[in-house]
Amino acid sequence: MRTVRTVAELRAALAEPRRNGRTVALVPTMGYLHDGHLSLIEAARKQADLVVVSLFVNPTQFNDAADLDAYPRDELRDAGLAQDAGADLLFAPSLQEVYPPGFTTQVRVDGPLTDTLEGAHRGADHFHGVTTVVTKLLNMVGPDLALFGQKDAQQALVIRRLAADLDLPTRVEVAPTVREPDGLALSSRNVRLAAEDRERALALSSALRAAQDALAAGTRDAATITLAARAAMTPFDVEPEYLALVDPEDLRPVGSVDQETLLAVAAHVGPVRLIDNTILNPNGRH
Ligand code: PAF
């Protein structure tokens, strides 16, 4: 695996394989890779001839300067993990390479996809930062396929919308959330959880499980399911920032879980903000 830092180097590295008809997959990341990222790289490996992993902590999608400062970074560790998972190229550009002086363009997806849930709590600018950098990464790499994780369910919907609206030629694939054996969804931010907060972080997956259980017991009413999910967080002394049952395509709130419904939750656990989600399926466990 080679590490490249400029768009020119990246394009030069991809030119020959592309001329030979080889397909390219991109796994965009902000680094501090975990098994969720590695599962995306492995899925990419199975579907494309060349796998590019991008590693860029994108400042424009952070609404909280302290979160950006504390975001874990270790390029050497990431390079080893990406290589072992089957990446061919690590694209690790500098801030200047991505946002050169004079940069003023933004790519925005507007409406409920970006102003609800994460958008309502972090500000829609969070998603405008994501869609701008993802558009740039797709333009830099020009992949046939790009892979994202379902843990960021709203982000995945926004990126699908972006790709459809702008006729981007890249196929967007969303892979399932990878969890610790006790249910905690993998996140680069988990390393910042102190031991006692690591226990309390189970509040989120416990809420999802309680909602699944309520549904399995025959409850369809969204308010009742939401109450059960919130109650499951109480023993962990964790208050959700939001916990919402929404349509999994347009994120509009639902009153009753009569078809597949997205349950999304966000909460601060100590200094770390975590998100998680699941699809509730009244016609069988998801
Ligand atoms: O999901 C992430 O890690 C980031 O939001 C992404 C897609 C790499 C854009 O910075």
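What you are looking at is a predicted structure, and each value in this text was computed from that prediction instead of being measured.

A. Here's a closer look at the overall build of the chain. A tally of helices and strands in the chain yields twelve helices and nine strands. Overall, the C-alpha framework of the chain stretches about 55 × 40 × 40 Å when taken along its three principal axes. When each of the 286 residues of the chain is scored for burial, the buried share is 53%. Sequence-distant contacts in the chain: of pairs separated by 6 or more residues, those separated by 24 or more amount to 72%. Summed over all atoms, the accessible surface of the chain reaches about 12,800 Å², with 50% contributed by carbon and sulfur. Counting 28 positive and 39 negative side-chain charges, the chain places the centres of these two groups 4 Å from one another.

B. Representation of empty space enclosed by the protein within the structure. Inspection of every chain in the model, using the stated rule, returns one cavity of 30 Å³ or more. In this structure, the largest cavity spans a volume of roughly 60 Å³. In terms of lining residues, the largest cavity is bounded by Lys-151, Leu-184, Ala-185, Ser-187, Asn-190, Ala-201, Leu-204, Ser-205, Leu-274, Ile-275 and Asp-276. Contributing elements (two or more residues each) for the lining of the largest cavity: helix H11 (202-216) and strand E9 (272-280). It is E9 that contributes the most residues to the lining of the largest cavity, three residues altogether. Its residues placed into classes, the lining of the largest cavity shows six nonpolar, three polar and two charged.

C. Spatial organisation of the site of the ligand. Around the ligand lies a shell formed by Pro-28, Thr-29, Met-30, Asn-58, Gln-61, Val-133, Val-134, Phe-148 and Gln-155. Contact distances for the ligand include 2.6 Å between an oxygen atom and a side-chain N or O atom of Gln-61. Note that an oxygen atom of the ligand is positioned 2.7 Å from one of the side-chain N or O atoms of Gln-155. Counting only elements with at least two residues in the shell around the ligand, the list comes to strand E2 (24-29) and helix H8 (125-141). Of the residues belonging to the shell around the ligand, the class tally is five nonpolar, four polar and no charged.

D. Representation of the pairing of strand E8 (residues 261-269). Counting buried positions along E8 yields eight of nine residues, so the element is predominantly enclosed. Where strand E7 (residues 240-246) lies against E8, six bridges are found, and the strand directions are antiparallel. Each bridged residue has a counterpart across the sheet, and for Ala-244 the counterpart in E8 is Ala-264. Relative to E9, E8 runs antiparallel, the two being bridged by nine bridges. The partner of Thr-261 across the bridge, within E9, is Leu-280. Here E8 hands over to E9 after two residues, with Gly-270 in that stretch at a positive phi of 60°.

What counts and what doesn't
- Residues numbered from 1 in each chain as written.
- Predicted model: local features only at pLDDT ≥ 70, side-chain atom pairs only at ≥ 80, totals over all residues.
- Heavy atoms only, no water.
- Helix = DSSP H or I, 4+ residues; strand = E, 2+ residues; numbered from the N terminus.
- Buried < 20%, exposed > 50% of the residue type's maximum accessible area, 1.4 Å probe, protein only.
- Contact = heavy atoms within 4.5 Å.
- Areas by Shrake-Rupley, 256 points an atom, 1.4 Å probe, with all protein chains shown as cover.
- Lys, Arg positive; Asp, Glu negative; His and termini not counted.
- Charge placed at Lys NZ, Arg CZ, Asp CG, Glu CD.
- 1 Å grid on protein atoms, 1.4 Å probe; cavity = no way out; pocket = protein on both sides within 12 Å on 5 of 7 lines; lining within 4 Å.
- Points joined across faces, edges and corners; volume = space filled by probe spheres on them.
- Nonpolar A, V, L, I, M, F, W, Y, C, P; charged D, E, K, R; others polar.
- Near = heavy atom within 4 Å.
- Polar contact = N/O pair within 3.5 Å; in protein donor to acceptor, adjacent residues only side chain to side chain.
- Pairing = 2+ DSSP bridges.

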